[in-house]
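If you want the building blocks of each chain, they are given just below.
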Amino acid sequence: MRHGKKVNHLSRQAGHRKLMLANMACSLIEHKRINTTVAKAKALKVYFEPLVTKSKEDTTHNRRVVFSYLRNKYAVTELFREVAAKVGDRPGGYTRIIKLGNRLGDNADMAMIELVDFNELYNVAKKEAKKTTRRSRAKKADAPAAEAPAVDTAENTEATE
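Since we're looking at a predicted model, the values are computed, not measured.

**Quick look at the packing of helix α2 (residues 38–55) against helix α4 (residues 73–86)**
Part 1: For the pair α2 and α4, the least separation of the axes is 9 Å and the interaxial angle reads 90 degrees. Relative to α4, the element α2 is oriented roughly perpendicular. Packed against α2, whose contacting residues are F48, L51, V52, K54 and S55, the element α4 presents L79, F80, V83 and A84 at the interface.

**Section: the pattern of salt bridges**
Part 1: Taken as a whole and judged by the stated rule, the model has seven salt bridges.
Part 2: A salt bridge links D117 to R90; the shortest N-O distance between them is 2.9 Å. Residue D117 is found in the loop between β3 (109–115) and α5 (120–131), and its partner R90 is found in the loop between α4 and β2 (95–102); the two are separated by 27 residues along the sequence.
Part 3: Classification of D117 as buried rests on a relative accessible area of 14%.
Part 4: Here R103 and D106 are joined by a salt bridge, their closest N and O atoms 2.9 Å apart.
Part 5: Among the residues examined, R103 registers a relative accessible area of 36% and is labelled partly exposed.
Part 6: Ionic contacts of the salt-bridge type, sharing partners, join the residues K32, E78 and E82 into one network.

What counts, and at which threshold
- Residues numbered from 1 in each chain as written.
- Predicted model: local features only at pLDDT ≥ 70, side-chain atom pairs only at ≥ 80, totals over all residues.
- Heavy atoms only, no water.
- Axes fitted to C-alpha atoms, helices over the stretch in contact; angles between N-to-C directions.
- Helix = DSSP H or I, 4+ residues; strand = E, 2+ residues; numbered from the N terminus.
- Parallel < 35°, antiparallel > 145°, perpendicular 65-115°, else oblique.
- Contact = heavy atoms within 4.5 Å.
- Salt bridge = Lys/Arg side-chain N within 4 Å of Asp/Glu carboxyl O.
- Buried < 20%, exposed > 50% of the residue type's maximum accessible area, 1.4 Å probe, protein only.

Right under this line is the structure:
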């Protein structure tokens with residue numbers, strides 16, 4: 001019985017599984033999104049998100065720990081420079097899994113896993129939605145009323161001259 005054993009073995013031995021997840025994590029850092037099966041995407045999310053959390057604090061120790069997982073110095077450099085700069089204020093949830101349907105060859109469930117902050121399509125809508133809050137609407141309603149007479153007086157002075 002597998003009571004309390006939460007690791008998905010993905011039908012692979014431990015060494016093969018670790019190398020596969022390391023290669024997938026390097027590809028995710030390089031391309032910002034990859035297509036894979038749903039099971040591998042979920043396993044990659046568990047493997048990858050602690051590494052992104054470590055990359056927020058750029059120390060030699062954290063770089064060595066992340067390198068021991070990824071085994072690719074170019075991926076480590078890009079993770080600590082570009083990815084950590086974008087996710088610095090995010091408290092977690094650095095990846096998004098989007099299910100794509102079934103693969104034609106073997107009918108496997110496919111998914112796309114991507115870094116959340118690197119998708120411009122989703123981020124634009126959320127930034128616009130955040131701008132309207134009750135307090136900001138009240139301030140915006142007062143601000144144009146105060147500015148409107150100043151603009152009218154400027155137009156009147158130009159017309160009189």
